[in-house]
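Listed here are the chains, written in short residue letters.
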Amino acid sequence: MMSYFIRLFLIAFFIVPALGANLPAADPAVCKQTGEAPDCIGPGVSNGEQCCLGLSAREQKEACGQPYGGCASVCVACGDGLCDAEHENGCNCPEDCGGP
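Residues numbered from 1 in each chain as written. Predicted model: local features only at pLDDT ≥ 70, side-chain atom pairs only at ≥ 80, totals over all residues. Heavy atoms only, no water.

Asks: Is there a simple way to think about the overall build of the protein chain in this case?
Replies: Each helix and strand in the protein chain was counted, giving two helices and four strands. For the protein chain, the α and β elements follow one another from N to C terminus as α-β-β-β-β-α. Relative to its 100 residues, the protein chain shows a buried fraction of 24%. Of all intrachain contacts in the protein chain linking residues separated by at least 6 positions in sequence, the fraction that spans at least 24 positions is 36%. As displayed, the protein chain offers around 6600 Å² of accessible surface, 62% of which is attributable to carbon and sulfur atoms. (Helix = DSSP H or I, 4+ residues; strand = E, 2+ residues; numbered from the N terminus. Buried < 20%, exposed > 50% of the residue type's maximum accessible area, 1.4 Å probe, protein only. Contact = heavy atoms within 4.5 Å. Areas by Shrake-Rupley, 256 points an atom, 1.4 Å probe, with all protein chains shown as cover.)

Asks: Teacher, can you tell me more about the pattern of salt bridges here?
Replies: For side chains of opposite charge, pairing can occur when their charged atoms come near one another. Using the criterion set out here, one finds one salt bridge in the structure. Arg-58 is the salt-bridge partner of Glu-95, the closest N and O atoms lying 2.9 Å from each other. Of this pair, Glu-95 sits in helix H2 (residues 94-97) while Arg-58 is found in strand S3 (residues 56-59), placing the two residues 37 residues apart along the sequence. Take Glu-95: its relative accessible area is 49%, and that puts it in the partly exposed class. (Salt bridge = Lys/Arg side-chain N within 4 Å of Asp/Glu carboxyl O.)

Asks: So what exactly am I meant to see when it comes to the state of the cysteines here?
Replies: Cysteine pairs can be covalently joined through their sulfur atoms, and such a bond is termed a disulfide. Summed over the entire model, instances satisfying the criterion amount to five disulfides. Each disulfide pairs two cysteine sulfurs, and for Cys-31 the partner residue is Cys-52, the sulfurs being separated by 1.8 Å. In this structure the cystine formed by Cys-31 and Cys-52 twists about its S-S bond by roughly 85 degrees; its chirality is therefore right-handed. One end of the pair, Cys-31, is in the loop between helix H1 (2-20) and strand S1 (40-42); the other, Cys-52, is in the loop between strand S2 (45-46) and S3, with 21 residues separating them in the sequence. The exposure class of Cys-31 is buried, given its relative accessible area of 4%. Paired through a disulfide, Cys-83 and Cys-97 show a sulfur-sulfur distance of 2.0 Å. Residues Cys-83 and Cys-97 share a disulfide whose torsion about the S-S bond is about 100 degrees; that sign makes it right-handed. In this pair, Cys-83 is assigned in the loop between strand S4 (73-76) and H2 and Cys-97 in helix H2, connecting sequence segments 14 residues apart. You can call Cys-83 partly exposed: its relative accessible area is 39%. On the basis of relative accessible area, Cys-97 is assigned to the partly exposed category, the value being 22%. (Disulfide = S-S within 2.5 Å.)

Asks: When you look at the confidence of the model for the protein chain in this model, what are you seeing that I'm missing?
Replies: Low pLDDT marks stretches whose predicted atomic positions should not be read closely. Summing up the model confidence of the protein chain, the mean pLDDT is 73 and the portion of residues at 70 or higher is 56%. Low pLDDT (under 50) marks residues 16-25, which in the prediction has twelve contacts with non-local residues, meaning those over four places away or in another chain. (pLDDT = per-residue confidence, 0-100.)

Asks: Would you take a moment to explain the pairing of S4 for this structure?
Replies: Regular strands have side chains that alternate between both faces of the sheet. Of the two faces of S4, the one lined by Ser-73 and Cys-75 and the one lined by Val-74 and Val-76 are each fully buried. Note that S3 and S4 share four bridges and pair antiparallel. Across the sheet, residue Ala-57 finds its bridge partner in S4, namely Cys-75. (Pairing = 2+ DSSP bridges.)

Rendered as structure tokens:
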């Protein structure tokens, strides 16, 4: 019986919060909108604020696969079937804009 409560405690306080750690923030006051750069402290390392639901962090279209050595991502609605010419191109969103 005691092991059941220990497992419940571990799930509630360690596993469940960890599962949500990589999900985009839903609160528009906290998350980054289309065209905004998610916070980061180095290549691929987040510093908190993420893209809002329905958006994903992709490299800025100007980078186009070039080494940039830092934070060069932007929140885009890649995968929505529309190529947003302001923020997407074939390099950062081939799903919507075709290949490079």
